[in-house]
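# Fold and geometry: a report
So the chains spell out like this:
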Amino acid sequence: MSAKIISGTEVAEQIRAELKVEVAELKEKHGIVPGLVTILVGSNPASISYVTGKIKTAHELGFYSIQDDQSVDITQDDLLKLIDKYNHDPKIHGILVQLPLPKHIDEKKVLNAIDPDKDVDGFHPVNVGRLMIGGSEAKFLPCTPAGIQELIVRSGVKTSGAEVVVVGRSNIVGKPIANIMLQKGQGADSTVTIVHTRTKDMAAHCKRADILIVAAGVPDLVKPEWIKPGACVIDVGVNRVGEKISEKTGKKIAILKGDVDFEAAKEIAGYITPVPGGVGPMTITMLMKNTVKSAKLSIK
Ligand code: GUN
């Protein structure tokens, strides 16, 4: 039997529709417009594309938004001053510094300079700690892991007591999604294992997973025989494996492949996310959700 395909595009649309209602309410009842600033240093084409998508979505949702693009030569001091300016700007509820940063800038220092109460990326150590403690303490969950949890929950997959296996231990996806699924409460309560490059028998762990979350950045790493029949498979990988001409635009576009052999895996899994159109569209949407949450929390 073929798996149910979890469409991140559709779930993201649903959440954006919910957010539009919340944004309208915030304006009407409290006179607050969620404000988001993106800071992009340099002109990395992938980063430009991500930031453009974020600002476009913010605009569509009726946010106040600023796209603050800076030259690749900006000094670390000037970047820290810029962040401080937005930390003190009451119209701004969310600050996002697009990563990666140029080599002369210390990424940790920059992330630590963002006010944790405006850190809608959820990368500040205070927010990482808040997530670890969990419950009402958690404030801003990092966007990709938060999106993964939404996909699982909105697909009706049972998480309580489920064996969740996470492939990859990055700070952006692997570690936080493991933490999220481990928490007490709805959409979590799972038994979690993280596997990584030094794990002795990755396949054996994956085979036990009721929910398998793969964020390794290795195309087709997970083989169909690693998947438990009926499992929910979330593929976070976005690997550029070549180029093709788009039928829609006639322009060159990247051929993307996930970390899971999708065609074979969908015949075994119960649920599976495609690449593209799975986890990808959720990341920007959860950034918007965090910004709305920050705006709500600013109500005195
Ligand atoms: N670069 C790639 N993904 C992200 C993200 O989610 N947030 C930021 N700030 N930079 C990124």
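A brief look at the structure comes next. (Residues numbered from 1 in each chain as written. Predicted model: local features only at pLDDT ≥ 70, side-chain atom pairs only at ≥ 80, totals over all residues. Heavy atoms only, no water.)

Regarding its fold elements, the chain presents 10 helices and 11 strands. For the chain, whose C-alpha radius of gyration is 19 Å, the value lies close to the compact-globule estimate of 19 Å for 300 residues. Among the 300 residues that make up the chain, the fraction classed as buried is 49%. Expressed as a percentage of contacts within the chain between residues at least 6 apart in sequence, the contacts between residues at least 24 apart total 69%. About 14,800 Å² of surface is accessible on the chain, with carbon and sulfur atoms providing 54% of the total. Each charge class in the chain was averaged separately, 38 positive and 35 negative side chains, and the resulting centres sit 1 Å apart. (Helix = DSSP H or I, 4+ residues; strand = E, 2+ residues; numbered from the N terminus. Rg over C-alpha atoms; globule rule 2.2 N^0.38 Å. Buried < 20%, exposed > 50% of the residue type's maximum accessible area, 1.4 Å probe, protein only. Contact = heavy atoms within 4.5 Å. Areas by Shrake-Rupley, 256 points an atom, 1.4 Å probe, with all protein chains shown as cover. Lys, Arg positive; Asp, Glu negative; His and termini not counted. Charge placed at Lys NZ, Arg CZ, Asp CG, Glu CD.)

What follows is about the environment of Val33. Position of Val33 among the secondary structure elements: in the loop between helix H1 (8-30) and strand E2 (35-41). Taking the C-alpha atoms as reference points, Val33 and Ile92, 59 residues apart in sequence, are found 9.1 Å from one another.

Right, let's get into the sheet that holds strand E8 (residues 232-235). The parallel open sheet is built from 6 strands, whose spatial order is E1-E11-E8-E7-E5-E6. The open sheet has two free edges, formed respectively by strand E1 (4-5) and strand E6 (191-195), since each of these has just one partner strand. Both E8 and strand E11 (residues 271-272) contribute to a ladder of 2 bridges, which runs parallel. Counterpart to Val233 in the pairing with E11 is Ile272. Where helix H7 (residues 174-182) meets the sheet, it contacts strand E5 (163-167), E6 and strand E7 (211-214), and its direction lies at approximately 170° from that of E6. (Pairing = 2+ DSSP bridges. Axes fitted to C-alpha atoms, helices over the stretch in contact; angles between N-to-C directions.)

Where H1 meets helix H6 (residues 143-154), the axes come as close as 11 Å, and the angle between the chain directions of the two elements is 100°. When the axes of H1 and H6 are compared, the pair comes out roughly perpendicular. For the pair H1 and H6, contact is made by Gly8, Val11, Gln14, Ile15 and Glu18 and by Glu150, Leu151 and Arg154, respectively. Of the residues assigned to the contact of H1 with H6, the class counts are 3 nonpolar, 2 polar and 3 charged. (Parallel < 35°, antiparallel > 145°, perpendicular 65-115°, else oblique. Nonpolar A, V, L, I, M, F, W, Y, C, P; charged D, E, K, R; others polar.)

In this structure, E5 lies alongside E6, joined through 5 bridges in parallel fashion. In the strand pairing of E6, Val166 is matched with Ile194. Handedness of the crossover is the feature at issue here: the chain leaves E5, passes through H7, returns alongside E6, and the resulting connection is right-handed. (Right-handed = clockwise from strand over helix to strand, strands pointing away.)

Here we take up the site of the ligand. The local shell around the ligand consists of Leu96, Val97, Gln98, Leu99, Asp121 and Phe123. In the environment of the ligand, a nitrogen atom lies 2.8 Å from a nitrogen or oxygen atom belonging to the backbone of Val97. At a separation of 2.5 Å, a nitrogen atom of the ligand approaches a polar side-chain atom of Asp121. The fraction of the free accessible surface of the ligand (280 Å²) that becomes covered by protein chains is 81%. Looking at side-chain class alone, the shell around the ligand contains 4 nonpolar, 1 polar and 1 charged residues. (Near = heavy atom within 4 Å. Polar contact = N/O pair within 3.5 Å; in protein donor to acceptor, adjacent residues only side chain to side chain.)

Along the chain, Leu287 falls in helix H10 (residues 280-297). We classify Leu287 as buried; its relative accessible area is 1%. Residues Leu287 and Ile152 lie 135 residues apart in sequence; the distance between their C-alpha atoms is 18 Å. Excluding residues that lie within four positions of it along the chain, Leu287 makes contacts with Leu36, Lys54, Leu96, Val120, Asp121 and Cys143.

Moving on: the side chain of Gln98. If you trace the backbone, Gln98 turns up in the loop between strand E4 (94-97) and helix H4 (107-113). Within the structure, Gln98 has its side chain in polar contact with the side chain of Lys54 (distance 2.7 Å). The residues touching Gln98, leaving out its near neighbours within four places in the chain, are Ile39, Leu40, Ser47, Tyr50, Val51 and Lys54.

Now for the layout of surface pockets. Here the second largest pocket is characterised by a volume of approximately 530 Å³. In this structure, the second largest pocket is lined by 25 residues; those nearest its centre are Leu141, Ala146, Gln149, Glu150 and Lys293. Sorting the residues of the lining of the second largest pocket by element identifies H1, H6 and H10 as the ones contributing at least two each. Among the elements that make up the lining of the second largest pocket, the one with the highest residue count is H10 (6 residues). (1 Å grid on protein atoms, 1.4 Å probe; cavity = no way out; pocket = protein on both sides within 12 Å on 5 of 7 lines; lining within 4 Å. Points joined across faces, edges and corners; volume = space filled by probe spheres on them.)

Once that is clear, we can look at the pattern of salt bridges. Where charged atoms from two side chains of opposite charge come close, those side chains can pair. Considering all chains together, one arrives at 15 salt bridges under this definition. Residues Lys289 and Glu150 are paired through a salt bridge, measuring 3.3 Å at the closest nitrogen-oxygen approach. Remark: Glu150 occurs in helix H6 and Lys289 occurs in helix H10; sequence separation between them is 139 residues. For Lys289, a relative accessible area of 29% corresponds to the partly exposed category. By relative accessible area, which is 16% here, Glu150 ends up buried. Residue Asp220 is joined to Lys257 by a salt bridge in which the shortest nitrogen-to-oxygen separation is 3.2 Å. Taken together, the positions of Asp220 in the loop between E7 and E8 and Lys257 in strand E10 (residues 252-257) put the pair 37 residues apart, joining distant regions of the chain. (Salt bridge = Lys/Arg side-chain N within 4 Å of Asp/Glu carboxyl O.)

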